[in-house]
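This is what each chain is made of:
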Amino acid sequence: KLLVTMSFNSPIRQRTASENEVRDRLVRSTNSSGAATPPRSSSKQMYTTEFIKALFGDTGVVVGDYSCSYQRQAGRLYVSTDAVFFYSNLFGFEKRIKIDYTNAVEIDLVRTTSVFIKTSDEEFIFRSFKGEDRQSVLELIKTFHSKTSSSLDI
């Protein structure tokens, strides 16, 4: 039998400095025996929010993350209370996109398979969502976009 294992320190993919910084911050919380403490119920959301803050700066709270692709590059789309983020790091090719809700002019479905976000100077089409994730992403983005635009009208 052949057993193949991979560790977090695998040379297959090098982490960026910001990814290591986030991981180190989260791993530092240890119990008296020195082992890492088990995750809490909202730890995934906290981890994701901290990860995105390390990559993009001030982000708000990340409320959802979804696997998708942008320009044929697989990555993850993160929906926060302040903006939409796309991050991909495959084989050292890193792509970071931040779209503030205040800059979004149009948000819609394209061909019922992709999420389209248009700003005043760029257009973004995110594809390859799994299952019904596309509809969930669209609803979340539209909800936060409308809250942001209504607060600016005051």
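In the block above lies the structure referred to throughout.
An account of the accompanying structure is given in this report.

What counts and how
Residues numbered from 1 in each chain as written. Predicted model: local features only at pLDDT ≥ 70, side-chain atom pairs only at ≥ 80, totals over all residues. Heavy atoms only, no water. Helix = DSSP H or I, 4+ residues; strand = E, 2+ residues; numbered from the N terminus. Buried < 20%, exposed > 50% of the residue type's maximum accessible area, 1.4 Å probe, protein only. Contact = heavy atoms within 4.5 Å. Core = buried A, V, L, I, M, F, W, Y, C linked by side-chain atoms within 4.5 Å.

Okay, the side chain of serine 80 next. Mapped onto the elements of the fold, serine 80 is located in strand 2 (residues 73-80). Looking at serine 80, the relative accessible area reads 0%, which means it is buried. The residues contacting serine 80, other than those within four sequence positions of it, are Thr59, Val61, Val62, Val63, Phe85, Tyr101 and Phe144.

What follows deals with the nonpolar core. Counting 21 residues, the largest nonpolar core has Leu77, Ile117, Phe126, Phe129, Val137 and Ile141 as the members making the most contacts within it. Elements with a contribution of two residues or more to this core: strand 1 (62-70), strand 2, strand 3 (83-90), strand 4 (93-100), strand 5 (104-110), strand 6 (114-119), strand 7 (123-127) and helix 3 (133-152). Per-element tally for this core: the top contributor is helix 3, with four residues. Excluding its chain neighbours within four sequence positions, the residues that come into contact with valine 137 are Tyr66, Leu77, Val79, Val115 and Phe129.

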